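Inside the fold
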Amino acid sequence: MIRLLLPLVLMLAAGMSAAEDRSSLWPDIPKATGAPHAEGNAYWRKHHMEMMRHDRDLTMRDGDRMIAASLKGCFDCHTVKDASGATVTYASEKHFCRSCHDFAAVRVDCFMCHRSTPDGIDETDDHAALTGRKAGDILAYLRAIGEGGE
Amino acid sequence: MTRIKGAELSRRDFLRSGAAVASATLAPGVTLIAFGGSQAQAAADAGKRWGLLIDAGKCDAGCSACVSACRDENGWGGHGNPDTDAQWIRKVTLKNKTTGHETSMPVMCQHCAEPPCVDVCPTGASFKRADGIVLVDKHTCIGCRYCMMACPFKARSFVHEPIVNQKSHAPRGQGTVESCTLCVHRVDAGGTPACVEACAGAGHEAILFGDLNDPDSQISKRLAEYPSAALRPDLGLGQGVRYANL
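Figured I'd write up the structure that's included with this text. This one's a predicted model, so the numbers in the text were calculated from it and none came from an experiment. (Residues numbered from 1 in each chain as written. Chains lettered and ligands numbered in written order. Predicted model: local features only at pLDDT ≥ 70, side-chain atom pairs only at ≥ 80, totals over all residues.)

A word on helix H6 (residues 194–201) of chain B
Quick note on the threshold: A residue is called partly exposed when the number of other C-beta atoms within 10 Å of its own lies between 12 and 20, exposed at 12 or fewer, and buried at 20 or more, with C-beta atoms placed from the backbone. Where helices and strands are cited, they refer to DSSP runs of H or I of at least four residues and of E of at least two residues respectively, numbered from the N terminus.
Inspection of H6(B) places B:Ala194, B:Cys195, B:Val196, B:Ala198 and B:Cys199 among the buried residues, and these make up the whole buried set. Immediately downstream of H6(B), the backbone of B:Gly203 shows phi near 85°, a positive value.

Observations concerning the sheet that holds strand E10 (residues 207–211) of chain B
Residues and elements named next belong to chain B. To keep things clear, this is the line we draw: The pairing criterion is simple: DSSP has to find at least two bridges between the two strands. Each axis is a line fitted through C-alpha atoms, and for a helix only the stretch in contact is used; angles between axes span 0 to 180 degrees, taken between their N-to-C directions. For the purpose of contact definition, each residue receives a C-beta atom placed from its backbone, and two residues are in contact when these atoms lie within 7 Å.
Spatial ordering of the open sheet is given by E10-E3-E11, a layout of three strands whose pairing is mixed. Where the open sheet ends on each side, the last strands, each with one partner, are E10 and strand E11 (241–244). Neighbour-to-neighbour, the strand axes of this sheet turn through a mean angle of 20°, independent of strand direction. Two elements, strand E3 (residues 50–55) and E11, share four bridges in a ladder whose sense is parallel. Its bridge partner lying in E11, Leu-52 is registered against Val-241. Contacts from helix H7 (residues 218–225) reach E3, E10 and E11, with the element oriented near 110° to E10.

A word on the packing of helix H2 (residues 65–74) of chain B against H6(B)
All names here are of chain B. Quick reminder of the rule: An angle below 35 degrees is treated as roughly parallel, one above 145 as roughly antiparallel, one from 65 to 115 as roughly perpendicular, and anything else as oblique. With the far helix as reference, a near helix turned anticlockwise by less than a right angle produces a left-handed crossing, and one turned clockwise produces a right-handed crossing. Each residue gets one label: Ala, Val, Leu, Ile, Met, Phe, Trp, Tyr, Cys and Pro are nonpolar, Asp, Glu, Lys and Arg are charged, and the others, such as Gly, are polar.
Packing of H2 against H6 leaves a shortest axis separation of 8 Å and a crossing angle of 135°. Considering the angle they form, H2 stands oblique to H6. You can see that H2 and H6 cross each other, and the crossing is right-handed. Side by side, H2 and H6 meet where Ala-65, Cys-66, Ala-69, Cys-70 and Glu-73 of the first sit next to Ala-194, Cys-195, Glu-197, Ala-198, Cys-199 and Gly-201 of the second. Each residue belonging to the contact of H2 with H6 can be placed in one class, and the counts come to eight nonpolar, one polar and two charged.

Regarding unusual backbone geometry
Even without being glycine, A:Ala105 reaches a positive phi, approximately 55°. Within the secondary structure, A:Ala105 sits in the loop between helix H4 (96–101) and helix H5 (110–113). Even without being a glycine, B:Arg232 presents a positive backbone phi close to 45°. Mapping B:Arg232 onto the fold places it in the loop between H7 and E11. When the 12 C-beta atoms within 10 Å are taken as the criterion, B:Arg232 is described as exposed.

Re the pairing of E10(B)
Residue and element names in this part refer to chain B. Buried residues dominate E10, accounting for four of its five residues. Two strands pair when backbone bridges link them, and E3 and E10 are joined in this way by five bridges, in the antiparallel orientation. When the bridges of E10 are listed, Trp-50 appears paired with Asp-211.

Now the structure itself:
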């Protein structure tokens, strides 16, 4: 009997520890405010990019601003505050978009042009540093080129 | 282009939900029917042609209210590097060398009917909306700057630095080209561009905004009544921005 049960118990224990590992590695998706998506979170997780890409063309090309999916709309509900109570920008690992995209190792370029916080909440310079250069570095670069040429 | 439906709805569910057609009976025999869908509300109306009439006679040489209003509205503040900083609208002074008479006026994207920037764009990022507003789709702009060379009015700028704190209605980023959008976000909401408002606020009322296709609009009436000119008329670009008293 023990010969039969022991492997079973071991398997269960192993399975449980694997599940624990997974849950601790799983992205910690920040809670949102506002009404939930009518289509369900799973749908939006899978399709948000297609929806935003589709609707951005409607807004940009046709001027239709009554759209379902926009970055600005996301931040109505999906903003994250840090320990000090300040709204985080895309520079923070806690930013709503990064919580999944870092996990999936997908870098999004949206925030090179779009702001990553709602209007009125300032982004800091760390945000600009994400692209590899801080604002003002172009001057240093041009100066260096000028010095090299002389 | 297929629109992704929010949820899997069968045709029967859709019709049953009443989302397709909303109807209201106004009076016996008269029924108001409104069709669902956002396409009907699309703001870029092909029947319209938005334009500006700038009266150089009313423009004050010492005033730059339009420029600062545009900067505040669209957030293109400089990085202290005038050679490369973005400039969506600039004050230009013309001097008649024979008489010495000087004329001051704002020059921005002229929103051409036949825009050279659209002709040369290799990716289709530079485009003209149905209502005549010329824009850059920064999602497809590769920053090649052909449009900057093609534009006879020096209306386009290239963004050299990484940018933070953009306005949510005017996204702009390093490596893309940008220009006056005729405050498309305001126009879509039924408003007027920020420069027009600022000019009126400064007491000059030198810029008039309106629909050139509508013969009853104020701008069309003024254009019919008084002489005006497009810049570089020899190029035949059919600009939406016209100038009076040059």
